[in-house]
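Analysis of the macromolecular model
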Amino acid sequence: MTLEITTARPESALLDLPWSTPLEEWPESYLAALPRGISRHVVRFVKLGPRVLAVKEIKDDIADREYAMLRNLRRLDVPSVEPFGVVHGRTAADGEPLDACLITRHLQFSLPYRALYSQNLRPDTAVRLMDALAVLLVRLHLEGFWWGDVSLSNTLFRRDAGAFAAYLVDAETGELHARLSDGQREHDLDIARVNIAGELMDLAAGGFLEEHADPFEVSASVIERYHTLWNALTGTERFEVGDRWRVDERIRRLNELGFDVDELSMTTDIGGTEIVITPKVVDAGHHSRRLLRLTGLDVGENQARRLLNDLDAYAAATDRQGDDEEIVAHDWLAKIYEPVTRAVPRELTGRLEPAEIFHEVLEHRWYMSERAGHDTPIEDALRDYVATVLPAKPEEKAVLGVDTEEMPVISRFD
Amino acid sequence: MATVTFDNATRQYPGNPIPSVDKLNIEIADGEFLVLVGPSGCGKSTSLRMLAGLEEVNGGRILIGDRDVTNLSPKDRDVAMVFQNYALYPHMTVADNMGFALKIAGVDKAEIRKRVEEAAKILDLTPYLDRKPKALSGGQRQRVAMGRAIVRSPQVFLMDEPLSNLDAKLRVQTRTQIASLQRRLGVTTVYVTHDQVEAMTMGDRVAVLKDGILQQCDSPRRMYDHPANVFVAGFIGSPAMNLMEVPVTDGGVDLHGHTVPVAREDLANVGKNVTLGVRPEDLELSSDQSGIPVTVDVVEELGADAYIYGSTEQKLLEATGENAGAVPFIARVDGRRPPEKGDKIYLKPKSGHVHVFNAESGLRVGD
């Protein structure tokens, strides 16, 4: 059989990887790190030039399906890992055919939940992780994606201005529909409830979970948060014709939650005294899109919110609120944002993403100002942050690990 | 445990002119293992999901026992999708791995332990209950995963292509395990597959679907011996049944001068031609050059038997499903004296072993 590599970015170095060896036996020299856990399938991280790739060995048709699914999800702008390619036609030295490999790009600065739990978690961090997962699930469901295997293991987390943003890692069981039925959404939530509780119980059994954290409560909180958000985004509202301000109010509320309203249905009852509004199409990324348009910076939703606030503050402080927003943004980028992010010594750039560092510097300035009782210039805050805070942070650019410490159930028979 | 009834159940997606499942009627007995099978897009998975509560039902009803579940949410239906997520947790004992979902559901500790122990007995896992999954073999781990579904003691098990990501050998082993486990538990089970061999070996009954319409629902034996129409005839059985269009004559149908007897009353209203089906094992070599002339292209020797794949002037109907595209004439012959490649042979159906279908409607004619 001939080796067949399908990829959106042809890269000849791919050919140098030892495809005729079962993934489990790849020599360490190719590997960026060994996975920590045992995943359902064999997964390895390899270094290819400047980037790290995750390689997963699975059946040919499943590999194709997942590759196509991940590409669709990227197209829909859903936070998910980036598919890199599929390798078919692998043959071992003895002529035995080997399973296909699905290749995805490692998501920089992402953290598996086990890595987060192995650090000293602030009590509210667990809550923020669950919030992030609920947001991801709502976004997936809005696009008609039924996940089928919602779990912490199948999710990666990125820091997002003190909160987290969740990314889908595994789309193997997923299905894309035009619209999800309530039953499908319920089923996903049910799977989430069981899997998350199971994963947290496992952490507890391994001694990684703080004693006061109750796996059931935590997993139930995801569902609760999901419902709140889902209702806020899709729920129908009725009010008197005179209360038309409530239309704008609804849109503003959705914007605050980080969503844009692309389509809103508005109907009146027969008498014309009541208005009924239902958002039909909502799009995540309200703040990040605005920041991208103004500055070209592509960052997390909360980071964008934070940066936009600082931009507003800059406009106010420089008395330029009436000026063209794009020009002010350009100046802010050149005079504030870039000097801060560029001032980070090279050896510390792998600790946090630039936007996250900027967010932390702003936080740091706030604390310093509070302590001093007066405003601290950002230059001072930056100097102090780089000297005292950042060096103590762990390197997070490439935290690898499959971290689904789960066992292959259907692997081989005795 | 319970019966399951699809009562004119229909699912039509918005914007799609044709229903994905059209007026499905099946009554599944308590404890029965029913397999839904058909080519992709036939509606088998949709039917299962309608039962699970994952697809809206646009028409008709679905009952579990006497309860109309048509509009209930998945978790209120007391059904369990098996193998959906079969992750095991390494720090938890085998017993906890099996029982933790019950804990979430609020079942009390003593009851959980009781159900886990019962399931462990059935699954031969009793000695391992207090160990960690790491200590188990692959097969045992898989049984733990099955245990997770069993301890929930649902009224119905639902399985959607659970073996699709296994290689051929594992598939056969797991197939046997699931079938024997289901029989021991006696829980009503609905199982979806595209593989007719899987369907025929596992199901008490098999329901064949095509284009959202139920073609036939019968025991594997009955389905094999009495396919209700040309589609089922071509779909069930491997290698596939030979299907050909032949003229009707006095007292039967004509096969190159050889008259295959068919009851006169059955042929009363069928027109000039019918579709004749003969399974490869129901053919015999003719000594007098009557019957279907076949030129042997390939001989597949299997020891006691041999299959010959040949070509014939006789026009053959294309087979369906996974047999699609397989249009050679296939016959099973004595493996000790098979014809050779290139030979011209004459084949006749064994008496009473033909299937006759209306050439227009495709429906079976006679018994």
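The text that follows walks through the structure, step by step, so that each part is easy to find.

The rules behind the values
- Residues numbered from 1 in each chain as written.
- Chains lettered and ligands numbered in written order.
- Predicted model: local features only at pLDDT ≥ 70, side-chain atom pairs only at ≥ 80, totals over all residues.
- Heavy atoms only, no water.
- Helix = DSSP H or I, 4+ residues; strand = E, 2+ residues; numbered from the N terminus.
- Rg over C-alpha atoms; globule rule 2.2 N^0.38 Å.
- Buried < 20%, exposed > 50% of the residue type's maximum accessible area, 1.4 Å probe, protein only.
- Contact = heavy atoms within 4.5 Å.
- Areas by Shrake-Rupley, 256 points an atom, 1.4 Å probe, with all protein chains shown as cover.
- Lys, Arg positive; Asp, Glu negative; His and termini not counted.
- Charge placed at Lys NZ, Arg CZ, Asp CG, Glu CD.
- Axes fitted to C-alpha atoms, helices over the stretch in contact; angles between N-to-C directions.
- Parallel < 35°, antiparallel > 145°, perpendicular 65-115°, else oblique.
- Left-handed = near helix turned anticlockwise from the far one by under 90°.
- Nonpolar A, V, L, I, M, F, W, Y, C, P; charged D, E, K, R; others polar.
- Pairing = 2+ DSSP bridges.
- Salt bridge = Lys/Arg side-chain N within 4 Å of Asp/Glu carboxyl O.
- Core = buried A, V, L, I, M, F, W, Y, C linked by side-chain atoms within 4.5 Å.
- Disulfide = S-S within 2.5 Å.

Attention now goes to the overall build of chain A. For chain A, the count of helices and strands is 11 helices and 14 strands. Taking 2.2 N^0.38 as the reference for a compact globule, 414 residues should give roughly 22 Å; the C-alpha atoms of chain A span a radius of gyration of 24 Å, in line with that estimate. In terms of overall dimensions, chain A has C-alpha extents of about 75 × 65 × 45 Å along its principal axes. Looking at chain A residue by residue over its 414 residues, the buried ones come to 52%. Partitioning the intrachain contacts of chain A with sequence separation of at least 6 by distance along the chain shows that 64% fall at a separation of at least 24. Surface accessibility of chain A: about 19,300 Å² in total, with carbon and sulfur atoms responsible for 49%. Of the side-chain charges in chain A, 47 are positive and 74 negative, and the distance between the mean point of each set is 3 Å.

Turning to the packing of helix H2 (residues 94–104) of chain B against helix H3 (residues 109–122) of chain B, a few remarks are in order. Residue and element names in this part refer to chain B. Contact geometry for H2 and H3: axes closest at 10 Å, N-to-C directions at 135°. As summarised for this structure, H2 and H3 are arranged oblique, according to the angle between their axes. In this structure, H2 crosses over H3, and the sense of that crossing is right-handed. Taking contact as the criterion, the partners of Ala95, Met98, Gly99, Leu102 and Lys103 in H2 are, on H3, Ile112, Arg113, Arg115, Val116, Ala119 and Ala120. A class-by-class count of the residues in the contact of H2 with H3 yields 7 nonpolar, 1 polar and 3 charged.

Moving on, we get to the sheet that holds strand S13 (residues 258–261) of chain B. All names here are of chain B. Ordered in space as S13-S12-S11-S14-S20, the 5 strands form an open sheet in which the pairing is antiparallel. Here the strands that pair on one side only, and so sit at the sheet edges, are S13 and strand S20 (355–358). With strand direction ignored, the average angle separating the axes of adjacent strands in the sheet is 45°. Judged from the 4 bridges that link them, strand S12 (residues 252–255) and S13 form a sheet pairing that is antiparallel. What sits directly across from Val253, in S13, is Val260.

Here the idea is simple: oppositely charged side chains can pair when their charged atoms come close. Summed over the entire model, instances satisfying the criterion amount to 48 salt bridges over all chains. For the salt bridge of Glu256(A) with Arg252(A), the shortest nitrogen-to-oxygen distance reads 2.5 Å. Separated by 4 residues within a single helix, Glu256(A) and Arg252(A) lie in helix H6 (residues 245–256), roughly one turn from each other. Glu256(A) sits in the partly exposed class, given a relative accessible area of 45%. Asp130(B) is the salt-bridge partner of Arg113(B), the closest N and O atoms lying 3.9 Å from each other. Of this pair, Arg113(B) sits in helix H3 while Asp130(B) sits in the loop between H3 and helix H4 (138–150); the two residues are 17 residues apart in sequence, bridging distant segments of the chain. You can call Arg113(B) partly exposed: its relative accessible area is 33%. Connected via shared salt-bridge partners are Glu237(A), Arg246(A), Glu249(A), Arg250(A), Arg252(A), Arg253(A) and Glu256(A).

Time to look at the sheet that holds strand S9 (residues 155–160) of chain A. Residues and elements named next belong to chain A. Spatially, 3 strands are ordered S7-S9-S10 in an open sheet, and the strand pairing comes out antiparallel. At either end of the open sheet lies a strand with only one pairing partner, and these are strand S7 (110–111) and strand S10 (163–168). In the sheet, S7 pairs with S9 via 2 bridges, with the strands oriented antiparallel. The residue of S9 that forms the bridge with Leu111 is Phe157.

Now for the pairing of strand S9 (residues 205–210) of chain B. Residues and elements named next belong to chain B. Strand direction decides the pairing type here: strand S3 (residues 33–37) and S9, joined by 4 bridges, are parallel. In the sheet register, Leu34 faces S9, and the bridge partner there is Arg205. By the bridge criterion, 5 bridges tie S9 to strand S10 (residues 213–218) in an arrangement that is antiparallel. Across the sheet, the residue bridging to Lys210 is Ile213, located in S10.

As a further point, take the side chain of Arg364(B). Topologically, Arg364(B) is positioned in the segment after S20. Sequence-distant contacts of Arg364(B), defined by excluding residues within four places in its chain, comprise Asp225(B), His226(B), Pro227(B), Ala228(B), Asn229(B), His355(B), Val356(B) and Phe357(B).

To continue, consider the nonpolar core. All names here are of chain A. Counting residues in each nonpolar core, the largest one holds 57 residues, and the members touching the most others are Tyr117, Trp147, Phe157, Leu168 and Leu200. Of the residues forming this core, the biggest block, 10 residues, is contributed by helix H3 (residues 123–142). The residues touching Phe157, leaving out its near neighbours within four places in the chain, are Phe109, Ser110, Leu111, Tyr113, Leu116, Leu129, Ala132, Leu133, Leu152, Phe164, Ala165 and Ala166.

With that settled, the discussion passes to the state of the cysteines. With the rule as written, the count across this model stands at 0 disulfides over all chains. Left without a disulfide partner, Cys217(B) is nearest to the cysteine sulfur of Cys42(B), which lies 13 Å away.

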